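This is what each chain is made of:
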Amino acid sequence: MRSLLHLPLTTTILLLLHIQSTTVHAWGKEGHELVANIAYSLLSPTARSLIVNILRTTSDDDTDFLSPLAKIANWADEVRVHPQYKWTGHLHYVDVHDDDVDGGCHPSDFDKDGCAFDYARDCAKDECAVGAIVNFTNILSSYYHHHENDSVDKEEDDIWVEMKATSLKFITHIVGDVHQPLHVSRSTDTGGNDITVKLTSSNNEEEDEDDLEALYSYPTTDRNGNLYGHGHSHHHSHNLHSVWDTTIIQHAISKFYQGSFESFQQSIEQDVVSKTLQTFSSSECMDGRNKDCVSTWAQESWNYALHSAYAHVDGTEISTGDSLSDDYLEGRLEVVKKCLGMGGIRLARVLELALGTAEGKEEELSIMVEDKKEEELSLKKMSALRGALS
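Model, not experiment: these values are computed from the prediction.

Here we take up the nonpolar core. By size, the foremost hydrophobic cluster in this structure holds 97 residues, and its most contacted members are L69, W244 and F264. With 13 residues, the top contributor of residues to this core is helix α14 (residues 333–355).

Let us look at the pattern of salt bridges. Counted according to the given criterion, the structure contains 11 salt bridges. For D189, the salt bridge identified is with R186, shortest N-O distance 2.8 Å. Across this residue pair, the class does not change: D189 and R186 are buried.

Looking now at the packing of helix α2 (residues 29–42) against α14. Between α2 and α14, the shortest axis-to-axis distance is 7 Å and the interhelical angle comes to 50°. What the angle tells us is that α2 and α14 run oblique. With respect to the hand of their crossing, α2 and α14 are arranged in right-handed fashion. Listed contacts from α14 to G31, L34, V35, A36, I38, A39 and L42 of α2 are L340, G341, G343, G344, I345, L347, A348 and E352. Residues that form the contact of α2 with α14 fall into these classes: 10 nonpolar, 4 polar and 1 charged.

Note that an α-helix has 3.6 residues per turn; residues three or four places apart therefore point the same way. In this model, α14 (23 residues) spans 33 Å end to end at C-alpha, consistent with the 33 Å of a helix rising 1.5 Å per residue. Among the 23 residues that make up α14, 21 are buried, leaving the element largely enclosed by the rest of the structure. Looking one or two residues beyond α14, the residue adopting positive phi is G356, at roughly 80°.

Attention now moves to the packing of aromatic side chains. Counted according to the given criterion, the structure contains 8 aromatic pairs. With a centroid separation of 5.0 Å and an interplanar angle of 75°, the aromatic rings of Y143 and Y144 are classed as edge-to-face. When its relative accessible area of 11% is taken as the criterion, Y144 is described as buried. One aromatic cluster is present, formed by W75, Y85, F136 and F170 through successive ring pairs. Positioned above the aromatic ring of Y143, the side-chain terminus of K164 is 4.2 Å from the ring centre. One cation-aromatic arrangement involves K291 over Y119; the distance from NZ or CZ to the ring centre is 4.6 Å.

Model confidence for the protein is summarised by a mean pLDDT of 80, while 71% of its residues fall at 70 or above. Here helix α15 (residues 372–389) stands out as the least confident element of the protein, with mean pLDDT 36; helix α6 (residues 119–122) is the most confident, with 98. Within the model, pLDDT remains below 50 along residues 1–25, and this stretch shows 79 contacts once partners closer than five positions in the same chain are excluded. Contacts for the low-pLDDT stretch residues 361–390, under 50 throughout, to residues beyond four places or in other chains number 42 contacts.

The subject of this paragraph is the sheet that holds strand β4 (residues 238–239). The 3 strands lie next to each other as β4-β3-β5, forming an open sheet whose pairing is mixed. Each of the sheet's edge strands pairs with one partner strand only, and the pair in question is β4 and β5 (323–324). Where strand β3 (residues 196–199) meets β4, 2 bridges bridge the pair, whose relative direction is antiparallel. Within β4, the residue paired with T196 across the bridge is N239.

The rules we used
- Residues numbered from 1 in each chain as written.
- Predicted model: local features only at pLDDT ≥ 70, side-chain atom pairs only at ≥ 80, totals over all residues.
- Heavy atoms only, no water.
- Core = buried A, V, L, I, M, F, W, Y, C linked by side-chain atoms within 4.5 Å.
- Buried < 20%, exposed > 50% of the residue type's maximum accessible area, 1.4 Å probe, protein only.
- Helix = DSSP H or I, 4+ residues; strand = E, 2+ residues; numbered from the N terminus.
- Salt bridge = Lys/Arg side-chain N within 4 Å of Asp/Glu carboxyl O.
- Axes fitted to C-alpha atoms, helices over the stretch in contact; angles between N-to-C directions.
- Parallel < 35°, antiparallel > 145°, perpendicular 65-115°, else oblique.
- Left-handed = near helix turned anticlockwise from the far one by under 90°.
- Contact = heavy atoms within 4.5 Å.
- Nonpolar A, V, L, I, M, F, W, Y, C, P; charged D, E, K, R; others polar.
- Expected span 1.5 Å × (residues − 1).
- Phe/Tyr/Trp six-rings, centres within 6.5 Å; stacked < 30°, edge-to-face > 60°.
- Lys NZ or Arg CZ within 6 Å of the ring centre and 35° of its normal.
- pLDDT = per-residue confidence, 0-100.
- Pairing = 2+ DSSP bridges.

Now the structure itself:
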């Protein structure tokens, strides 16, 4: 049996934080639920059964449009407003450090040196969305690949019950996050949060504030879960980040899908998921335990951020105070749909591989501790952490 003392630091933190709390959203509530629903629809019956068991859901009710996975898809956003989970705030995004690049990174910079996701620079100490996916997926996988058949005492088994559920909730959410382009974006504008924009109609008339409030969700927190006060510049205003989190999706559902979340999801499944799976390459890397795999998803989102999110429809760069019309919201819809669809496809594969239910073993990775030095380091970190929290 693997000793709990030999688990990664992220795992030991989870052991000490048995806290179920509950309000804040990143894709936005709808986006995360869409990714989770799509993923769940692609899972094998065995994987579905394991997930229902992990989440201790009473049943897998097919009459409820939200799958068991979708029902917990926003948990990671909801808890980060609480002091015990403040440390998870930076796990929801990747800051591409354009401040280290001479002249920064702009929509026209397709091949500029340094204007790409660099794990060593942008995810130091694994503290970003990519590192979080890898760590939490390895935690979940470690149970099903190395722990399940071991004899454990009741106390340790109870700990694993919480660890499995918590890891699954973080994986479900953060895989969604890393597919939102402005969650892999420039550090200098904190992922578009510092770019305040106005929404206008197609004829360039600024929308009535009451009409906007009825249609779209305003950002209520910053990306680390800190609540905006009434005096904050983003209170009752849109920033570019929130446009990609929620506004594009809400606009599309309202205008093109008769206000139906279900119809919007079905269009993604038809236009993106089905077509992608028909032409999918077996070389596509979708193992959440593999840093290189997850890094390719981050790079994909960064490309969309730089060349779609940060640019007007005419290609010029969006700046604070600019107006965004329906042309922008609708012109970027296909990118959003592709990101949501790919997030669902990849999340499904991540979970199948972690749970050991995937067909074939070609992508299996070893997750055992590599050497004695790493074991000793984990022991030291565990001891220090216990001392700090005691």
